[in-house]
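These are the residues of each chain, in order.
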Amino acid sequence: MAATQFVKDAIAHDPIVIFSKSDCGYCQMAKECFDKLKATYKSIDLDKREDMDDIQDALEGITGARSVPRVFVNGVFIGGGSDVRKMSQNGKLEELLKK
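Residues numbered from 1 in each chain as written. Predicted model: local features only at pLDDT ≥ 70, side-chain atom pairs only at ≥ 80, totals over all residues. Heavy atoms only, no water.

Naming follows an unreviewed UniProt entry, where the chain appears as Glutaredoxin-2, mitochondrial of Acyrthosiphon pisum. As its UniProt record puts it under Sequence similarities (unreviewed entry), the chain is described as follows: "Belongs to the glutaredoxin family." The record held by UniProt for the chain lists under Subunit (unreviewed entry) the comment "Monomer; active form. Homodimer; inactive form. The homodimer is probably linked by 1 2Fe-2S cluster." (UniProt positions renumbered as here; feature names shortened; annotations may be inferred.)

As for the pairing of strand E3 (residues 70-73)
Here E3 shows no split at all, with Arg70 and Phe72 on one side and Val71 and Val73 on the other all buried. Bridging between E3 and strand E4 (residues 76-79) involves three bridges; their strand directions are antiparallel. In the strand pairing of E4, Val73 is matched with Val76. Remark: two residues form the turn of the hairpin made by E3 and E4, two consecutive strands paired antiparallel; Asn74 in that turn has positive phi of roughly 50°. (Buried < 20%, exposed > 50% of the residue type's maximum accessible area, 1.4 Å probe, protein only. Helix = DSSP H or I, 4+ residues; strand = E, 2+ residues; numbered from the N terminus. Pairing = 2+ DSSP bridges.)

Concerning the sheet that holds strand E2 (residues 42-45)
In spatial order, the strands read E2-E1-E3-E4; together these four strands make up an open sheet with mixed pairing. Every other strand in the sheet has two partners, leaving E2 and E4 as the edge strands with one partner each. Neighbouring strand axes in the sheet, compared pairwise and without regard to direction, differ in orientation by 25° on average. Strand contacts of helix H1 (residues 2-13): strand E1 (16-20), E2 and E3, with the helix running at about 140° to E1, the strand carrying the most contacts. Across the face of the sheet, helix H3 (residues 52-63) comes into contact with E1, E3 and E4 while running at roughly 60° to E3. (Axes fitted to C-alpha atoms, helices over the stretch in contact; angles between N-to-C directions. Contact = heavy atoms within 4.5 Å.)

Here's what the structure looks like:
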């Protein structure tokens, strides 16, 4: 499936990838956590793509859910907005980015 390959290529190409939607508060929350650490990330806004549903289906296959954000660091799925905020608050996000 092309969408699955797109997701795999994206997370292989960039160290931090956030699959998001432009009007999503949880997506913004996740991005702010990386912004605070001055970390560069690639944001893929699904609501601006015609294959949004296919990509969300692919993300569900890879991560177990199709909700956004879906955040990957070094090719590994680390969670959604609340997960990233919790990692940011307890210092684990910064540790992960140093690896």
